Amino acid sequence: MQKRAVWSIAGNDSGGGAGLSADLRAAEAFGVHLCPVVAAVTAQNSRAVTRVEPVSAELLDAQLAALAQDMPPAAIKTGLLGSAANVAVVARWVDRLRERAPVALVVDPVLGASTGAAFADDAALAAYRELLLPRATLVTPNRHEAGRLAGGGAAEGDVPALAAALRGTGAQAVAVTGGDDSAAAPGWSLDWIATPQASGWLALPRVATPHTHGTGCTFATSAACALALGFVPADALVLAKMATTHALAHGYTAGQGAGPVAARPGFATEPALLPAMSWDESSQFSSCLRLPDKGQSPKTCEDIGLYAIVDSAERVRQVVAAGVRTVQLRIKTPDAPDAAWHAALRQAVADALAACRAAGATLVVNDHWRLAAELGEPSHLAVHLGQEDLLALGKAGRAELAASGLKLGISSHSLWELCRAHGLAPWYAACGPVWPTLTKAMPWVPQGLDNLAWWVRMAGMPVVAIGGILEPAQLELAARSGASGVCVVRGLGDDPATTVPRWQAALAAGRAAPPLPVPVLPHPSLAP
């Protein structure tokens, strides 16, 4: 199968640490084909950059013209461009290529070396602002570079404001990297991402290593590779964070100074590399960092089992009588609920709870968590919330929910939602839809069995499979993922006493069968 092509238009590092050398290693880790386009030549080693010379705009243009005829890119990543004229060449080619097909553009604004060498004069900086940022799918500066690009539009210490200022230039998404800023959060590497899908801090424990050469290049190229594979920016940045942390852990000595980082295939199957993501702008998120602090290794978890989702207290009674021990009561709020509706809801939840208590089952209340908290009894009661609802609660509301003592189930459809779920240390994360579902309209691409198996391996918490599970044979396959629970909605039928035993048998058969393989990368779950 033909590999996706990514163009990296960047500088050649004679020491093999950063620039195109690092980009090639990152592309190999993602299984894409990287076309290394030389925009500048550097004389450097592991300790210093002694000379930088941009190639002519004519030579850069010729390289891009040759590639466009044979290897059109799914994504372009820019690194060291060396001159304003070269920035202009890149901008023209982005426009030409986009007339034919969508092309993601990742701008890594290499304005200077970590050793102190300057790579961009005022004219080049102005060209970045005027020509590249408005065309960028993603910009990946460090804090200092973000401040220079923003041109004083925000204080350098206010990272979310810097990202907002850069998005104001036209860039679709921004990641202000913090790997070089150990003072901001000792022991942690924090990157602020601002994307059309989500914003927040991505957090992983800082890797203790002197070998950091090429870190920024690896991050930006990893993001470009993920975009080329079809991931939206928020998910691409999760994968970039994972790949870069993995690369830091495998850095090596190649001279007397800082050695190169080394991205490798297989990074996305290491559970400890899945970052946590904050729910707001606060980087003091103790619960969000709790799981990474423990290594995020998959843990033995409660057996949720067959998980029934029903819409009335009577249906709760039917399914628990048939042997189900986890059941969700899903009663949606009408557009204009009145007092009578609220009274009926309270009675339905109370009746369902009584049925679950008598059967030794757990009732999961969908959405109406404050009512569940009022009814109490955490031993038989839990709540399930979607991530939009959790965001709408705000920091104070989420703290109130945590203080209620109720077990919490959280929906997760994407990599960033899985990372954000860590922040509330939930009872489980639901992975879905596994198969297409008609119960409600959703923008998500079905996860399939491959993503479900990946979720189970990587989540570091119990996973519940949900969505489109209509036949016992499907449930058997889903159970082979190792999921703690598998949801059935429409498949319960009119007579759960008849259908539930078939579902339970399928669950047992799936858990006894060989486990599903875990893919080296998940597939995108949201169309770009």
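What you are looking at is a predicted structure, and each value in this text was computed from that prediction instead of being measured.

> What am I meant to see in the overall build of the protein here?
A tally of regular secondary structure across the protein gives 17 helices and 18 strands. Whereas a compact globule of 528 residues would reach a radius of gyration of roughly 24 Å, the protein reaches 25 Å, a difference of no more than 12%. When the 528 residues of the protein are sorted by exposure, 55% land in the buried category. Total accessible area on the protein is roughly 20,500 Å²; 54% of this is exposed by carbon and sulfur atoms. Here the protein carries 39 positive and 43 negative side-chain charges, and the mean point of each set is 4 Å from the other.

> Just to check I follow, could you spell out the side chain of Thr 499 for this structure?
Within the secondary structure layout, Thr 499 lies in helix H17 (residues 496-512). At a separation of 2.6 Å, a polar atom in the side chain of Thr 499 contacts the main-chain carbonyl oxygen of Leu 492. The residues contacting Thr 499, other than those within four sequence positions of it, are Gly 491 and Leu 492.

> Can you help me understand the nonpolar core in this one?
The tendency in soluble globular proteins is for nonpolar side chains to be buried as a group. Of all hydrophobic cores here, the largest spans 108 residues; its most connected members are Phe 30, Met 242, Phe 267, Val 316 and Leu 363. Ranked by the residues each element gives to this core, the list is headed by helix H8 (residues 233-249), at 10 residues. Judged by nonpolar contacts, the second largest core, of 49 residues, contains Ala 39, Ala 124, Leu 132 and Ala 171.

> What exactly am I supposed to notice about the pairing of strand E16 (residues 428-431) here?
Looking along a regular strand, one sees the side chains alternate between the two faces of the sheet. Side chains Tyr 428 and Ala 430 of E16 all project onto a buried face; the interleaved residues Ala 429 and Cys 431 project onto the opposite face, where all are buried too. Direction of pairing for strand E15 (residues 407-412) relative to E16: parallel, over a ladder of 4 bridges. Counterpart to Gly 409 in the pairing with E16 is Tyr 428. In the classification by handedness, the crossover that spans E15, the intervening helix H14 (residues 415-421) and the parallel E16 is right-handed. Bridge analysis of E16 against strand E17 (residues 463-465) gives 3 bridges, and the strand direction is parallel. When the bridges of E17 are listed, Cys 431 appears paired with Ala 465.

> What is the right way to look at helix H11 (residues 339-359) in this model?
Along an α-helix, a turn takes 3.6 residues, which lines up residues three or four apart on a common side. In a regular helix each residue adds 1.5 Å, so 21 residues correspond to 30 Å; H11 covers 31 Å between its end C-alpha atoms and thus fits that length. Among the residues of H11, Trp 341, Leu 345, Ala 348, Val 349, Ala 352, Leu 353, Ala 355 and Cys 356 are the ones counted as buried. Down the axis of H11, the buried set is contained in an arc of 160°. They therefore lie on one face. Opposite its buried face, H11 presents the exposed residues Ala 339, Ala 340 and Ala 358, each directed more than 90 degrees away. Phi for Gly 360, located one or two positions after H11, is positive at around 70°.

> Can you help me understand unusual backbone geometry in this one?
Peptide bonds are mostly trans, and most non-glycine residues show a negative phi. With omega at -5°, the peptide bond leading from Gly 432 into Pro 433 counts as cis. Position of Pro 433 among the secondary structure elements: in the loop between E16 and helix H15 (448-458). Positive phi, normally seen in glycine, also occurs at Asp 367, with a value near 75°. As for its placement among the helices and strands, Asp 367 is situated in the loop between strand E13 (362-366) and helix H12 (369-375). When its relative accessible area of 22% is taken as the criterion, Asp 367 is described as partly exposed.

Criteria and cut-off values
- Residues numbered from 1 in each chain as written.
- Predicted model: local features only at pLDDT ≥ 70, side-chain atom pairs only at ≥ 80, totals over all residues.
- Heavy atoms only, no water.
- Helix = DSSP H or I, 4+ residues; strand = E, 2+ residues; numbered from the N terminus.
- Rg over C-alpha atoms; globule rule 2.2 N^0.38 Å.
- Buried < 20%, exposed > 50% of the residue type's maximum accessible area, 1.4 Å probe, protein only.
- Areas by Shrake-Rupley, 256 points an atom, 1.4 Å probe, with all protein chains shown as cover.
- Lys, Arg positive; Asp, Glu negative; His and termini not counted.
- Charge placed at Lys NZ, Arg CZ, Asp CG, Glu CD.
- Polar contact = N/O pair within 3.5 Å; in protein donor to acceptor, adjacent residues only side chain to side chain.
- Contact = heavy atoms within 4.5 Å.
- Core = buried A, V, L, I, M, F, W, Y, C linked by side-chain atoms within 4.5 Å.
- Pairing = 2+ DSSP bridges.
- Right-handed = clockwise from strand over helix to strand, strands pointing away.
- Expected span 1.5 Å × (residues − 1).
- Arc of directions from axis to C-beta.

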